[in-house]
Amino acid sequence: MTATPEDPTAIHVDQFLPHPARKVWRALTEPDLLERWLNMPNDIKPVVGHRFELLAQPVPAAGFAGGPVQCEVLVADPERELSIQWGPQWTVTWRLVPEGRGTRLFLSHEGFDPGDESQRVARRIMGGGWRSHVPRALERVLSVLPG
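Cut-off values and rules
Residues numbered from 1 in each chain as written. Predicted model: local features only at pLDDT ≥ 70, side-chain atom pairs only at ≥ 80, totals over all residues. Heavy atoms only, no water. Helix = DSSP H or I, 4+ residues; strand = E, 2+ residues; numbered from the N terminus. Buried < 20%, exposed > 50% of the residue type's maximum accessible area, 1.4 Å probe, protein only. Contact = heavy atoms within 4.5 Å. Areas by Shrake-Rupley, 256 points an atom, 1.4 Å probe, with all protein chains shown as cover. Lys, Arg positive; Asp, Glu negative; His and termini not counted. Charge placed at Lys NZ, Arg CZ, Asp CG, Glu CD. Salt bridge = Lys/Arg side-chain N within 4 Å of Asp/Glu carboxyl O. Core = buried A, V, L, I, M, F, W, Y, C linked by side-chain atoms within 4.5 Å. 1 Å grid on protein atoms, 1.4 Å probe; cavity = no way out; pocket = protein on both sides within 12 Å on 5 of 7 lines; lining within 4 Å. Points joined across faces, edges and corners; volume = space filled by probe spheres on them. Nonpolar A, V, L, I, M, F, W, Y, C, P; charged D, E, K, R; others polar. Polar contact = N/O pair within 3.5 Å; in protein donor to acceptor, adjacent residues only side chain to side chain.

(A) Representation of the overall build of the protein chain in the model. For the protein chain, the helix and strand inventory stands at four helices and seven strands. Along the chain direction, N to C, the helices and strands of the protein chain fall in the order β-β-α-α-β-β-β-β-β-α-α. Buried residues in the protein chain amount to 43% of all 147 residues. Of all intrachain contacts in the protein chain linking residues separated by at least 6 positions in sequence, the fraction that spans at least 24 positions is 48%. Counting only carbon and sulfur atoms, one obtains 55% of the accessible surface of the protein chain, whose full area is about 7600 Å². A distance of 7 Å separates the average location of the 16 positive side-chain charges in the protein chain from that of its 18 negative side-chain charges.

Below, the structure is given as structure tokens:
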């Protein structure tokens, strides 16, 4: 996995997964699978306009008490792109591109305010997660998911 050049308003991650796009799509859009790698209970449905909640753990360093995060599906193009409004200020988009025997997964988490100290801290913490333990957790789920 490689990170693209720094953007103070966003997190961008490029990750190759040795799994077909249909498996990756399932891991992004099936509530139980999403929970297993993102560690957030949810009621996602890959339907544009669907409003759902992610039950997030507290992140005291970022000033986040935890609890439900209100989300809405903005784009749901099966096996190609999923974009959600994550809370009031962020948009998280996953683009899936078939590559060889696997899938290149591009993540963009946008909407950080670089002029706000708490937003800078949140971006740093979330960026670390999106680039390290989250991809490993996603790979563990995909490796045991049939077909």
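(B) Just the pattern of salt bridges, in detail. Counted according to the given criterion, the structure contains eight salt bridges. Where arginine 131 meets glutamate 6, a salt bridge forms, and the shortest distance between an N and an O atom there is 3.8 Å. Of this pair, arginine 131 sits in helix H3 (residues 117–131) while glutamate 6 sits in the loop between strand E1 (2–3) and strand E2 (10–17); the two residues are 125 residues apart in sequence, bridging distant segments of the chain. With a shortest N-O distance of 2.3 Å, glutamate 117 and arginine 120 are connected by a salt bridge. Residue glutamate 117 and its partner arginine 120 are both found in helix H3; the two are separated by three residues, about one turn of the helix. One connected set of salt bridges, linked through shared partners, spans Glu6, Arg123 and Arg131.

(C) Quick peek at the nonpolar core. Within the largest apolar cluster, 38 residues are counted, with the highest numbers of intra-cluster contacts made by Trp37, Leu54, Trp86, Trp94 and Trp130. The contacts of tryptophan 86, once residues within four sequence positions are left out, are Leu38, Met40, Leu54, Val69, Gln70, Cys71, Val92 and Trp130.

(D) Representation of the layout of surface pockets within the structure. Within this model, the largest pocket holds a volume of roughly 620 Å³. Along its surface, the largest pocket is lined by 24 residues, and Met40, Val59, Phe64, Trp86 and Met126 are the ones closest to its centre. Elements with a minimum of two residues in the lining of the largest pocket: H3 and helix H4 (133–144). Considered class by class, the residues forming the lining of the largest pocket number 15 nonpolar, nine polar and no charged.

(E) Spatial organisation of the side chain of threonine 103. Residue placement: threonine 103 occurs in strand E7 (residues 102–110). A distance of 2.7 Å separates a polar atom in the side chain of threonine 103 from the backbone oxygen of histidine 19. A polar atom in the side chain of threonine 103 sits 3.0 Å from the backbone nitrogen of alanine 21. Setting aside its immediate chain neighbours within four residues, threonine 103 contacts Gln15, Phe16, Leu17, His19, Pro20, Ala21, Val24, Leu96, Val97 and Pro98.

(F) Just empty space enclosed by the protein, in detail. Enumeration over the complete set of coordinates arrives at two cavities of 30 Å³ or more. The calculated volume of the largest cavity comes to roughly 80 Å³. Residue lining of the largest cavity: Val13, Gln15, Trp37, Trp94, Leu105, Phe106, Leu107, Trp130, Val134, Pro135 and Leu138, and that is the complete set. Those elements giving two or more residues to the lining of the largest cavity turn out to be E2, E7 and H4. Split by residue class, the lining of the largest cavity holds 10 nonpolar, one polar and no charged. What the second largest cavity holds in volume is close to 40 Å³. Contributing to the lining of the second largest cavity are Leu28, Leu34, Leu38, Ile44, Leu54, Leu82, Ile84, Trp86 and Trp94. At the level of secondary structure, the elements contributing two or more residues to the lining of the second largest cavity comprise helix H2 (31–38) and strand E5 (81–86). If you tally residues by element for the lining of the second largest cavity, the top one is E5, at three residues. In the lining of the second largest cavity, the residues fall into nine nonpolar, no polar and no charged.

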